[in-house]
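Listed below, chain by chain, are the residues.
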Amino acid sequence: MDLQQACQHHHLEDILDKVDTGDRLTLEEGTRLYHCPDPVLLGELAHRARTRRHGERTTYVLNQQINYTNICVNACLFCSYRRSQDHGGGFTLHPDQIREKLETQLSEPIRELHIVGACHPEHGLKHYLRILRTARQVRPQATLKAFTPVEIDHFAAVEGCEPEEILKRLRDEGLQMLPGGGAEIFDPEVREQICPHKASGQRWLDVSHRAHKLGIPTNATMLFGHLEGRRHRLQHMDALRRLQDETGGFLCFIPLPFQTRNNPLGGVEPITGLEELRTIAVSRLMLDNIPHIKSYWVMLGLPQAQAALCFGADDLDGTVVEERIGHTAGADSPQVLDRDELEAMIRGGGQTPVERNGLFERVQRV
């Protein structure tokens, strides 16, 4: 049975037509995709949409991740990484320690620095400016991607100013892009249950909007597989694509499966592998105006991340180096992959590896 026949069999031929013309899917059509009993068909549709944009190219980046603190005021129930200020497991990296970590990788042609942490109750903007200054000094050619919209909002609260002022100051110190963390699920009722002290979903969207208007592109995430349902995921995607219609500032969407270990959000069974792949496929089909869908191998695991490249994802993230947030929650992926391993994963899926920088610009392999 070919794709056309399979879509007719499952009454999805109208969706296939929209995939081929690039027309936007409705939330109702997204629901129908989620309920399709044939996950292979869903993967084929998503892969069709992906190849219309990117052919068989899959991108990756040589990057280094710095998690600068785990001391946080938010106390999100899904978070295994966070510690209170008086907890023995709390840590904060100061600029000289960050410099040391960055310098250990100077033999590698790192293209992107990914700097994220937590909402520390005491540190002011000067601390974060020093972090950026240090990173820029050590890696002047790397894309400097740092501080999620939630962190930006927290910095503004500490300083008693608007997020625009924070973003402008950080941009002047070399910030080029925001990572997409902290979005979780936008639905207020679910958010109240999983992260009641964190900035609201609307606030996350608002800070992202302000960053885009200042010329700072961002990524976007969605944490799924906890207390939310498929309807909440679709509404989350719809909110992102509506903001993207206005600003065009999102470069990549990153679906993050919830890691169930070592956190207070008890009684949640791990999401199935098929549901992970369904959600990645649906995100490619729904997010018609966001260029890239990331298969984040750190939280998916290597085999599933490779499979996701046939379910709509076109980016494999990168080498990473010492990621703490997902691993604290039970991710059992390696801490680091090298370029050859990333390219082998991509070729193993029948696709062509392409090296990029943090802004998704193709670079020449060094």
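Residues numbered from 1 in each chain as written. Predicted model: local features only at pLDDT ≥ 70, side-chain atom pairs only at ≥ 80, totals over all residues. Heavy atoms only, no water.

### Focus on the overall build of the protein chain
Each helix and strand in the protein chain was counted, giving 16 helices and nine strands. On C-alpha atoms alone, the protein chain measures out to a radius of gyration of 20 Å, which is about the 21 Å that the 2.2 N^0.38 rule sets for 366 residues. Taken along its principal axes, the extent of the C-alpha atoms in the protein chain is 60 × 50 × 35 Å. The 366 residues of the protein chain split such that 60% are buried. In the protein chain, 77% of the contacts between residues at least 6 apart in sequence involve partners at least 24 apart. On the protein chain, roughly 14500 Å² of surface is accessible, and the fraction owed to carbon and sulfur atoms is 48%. (Helix = DSSP H or I, 4+ residues; strand = E, 2+ residues; numbered from the N terminus. Rg over C-alpha atoms; globule rule 2.2 N^0.38 Å. Buried < 20%, exposed > 50% of the residue type's maximum accessible area, 1.4 Å probe, protein only. Contact = heavy atoms within 4.5 Å. Areas by Shrake-Rupley, 256 points an atom, 1.4 Å probe, with all protein chains shown as cover.)

### Here's the deal with unusual backbone geometry
One non-glycine residue, D317, lies in the positive phi region at around 60°. The residue D317 is located in strand β8 (residues 315–318) in this model. On the basis of relative accessible area, D317 is assigned to the buried category, the value being 5%. A positive phi angle, close to 65°, is found at F360, a residue other than glycine. In this fold, F360 is placed in the segment after β9 (352–356).

### Some thoughts on helix α7 (residues 149–159)
Across the eleven residues that make up α7, a large majority, eight, are buried. Among the residues of α7, those classed as buried are P149, V150, E151, I152, D153, H154, F155 and A156. The inward-facing, buried residues of α7 abut β3 (112–116), α6 (125–138), α8 (163–172) and α10 (201–213). Looking one or two residues past α7, G160 carries a phi angle of roughly 70°, positive in sign.

### A few points about the pattern of salt bridges
All chains considered together, the criterion is met by 26 salt bridges. With its nearest N and O atoms 2.9 Å apart, the salt bridge here joins R230 to E275. You can see R230 sitting in helix α11 (residues 230–247) and its partner E275 sitting in helix α12 (residues 273–286), a full 45 residues away along the chain. R230 sits in the partly exposed class, given a relative accessible area of 27%. (Salt bridge = Lys/Arg side-chain N within 4 Å of Asp/Glu carboxyl O.)

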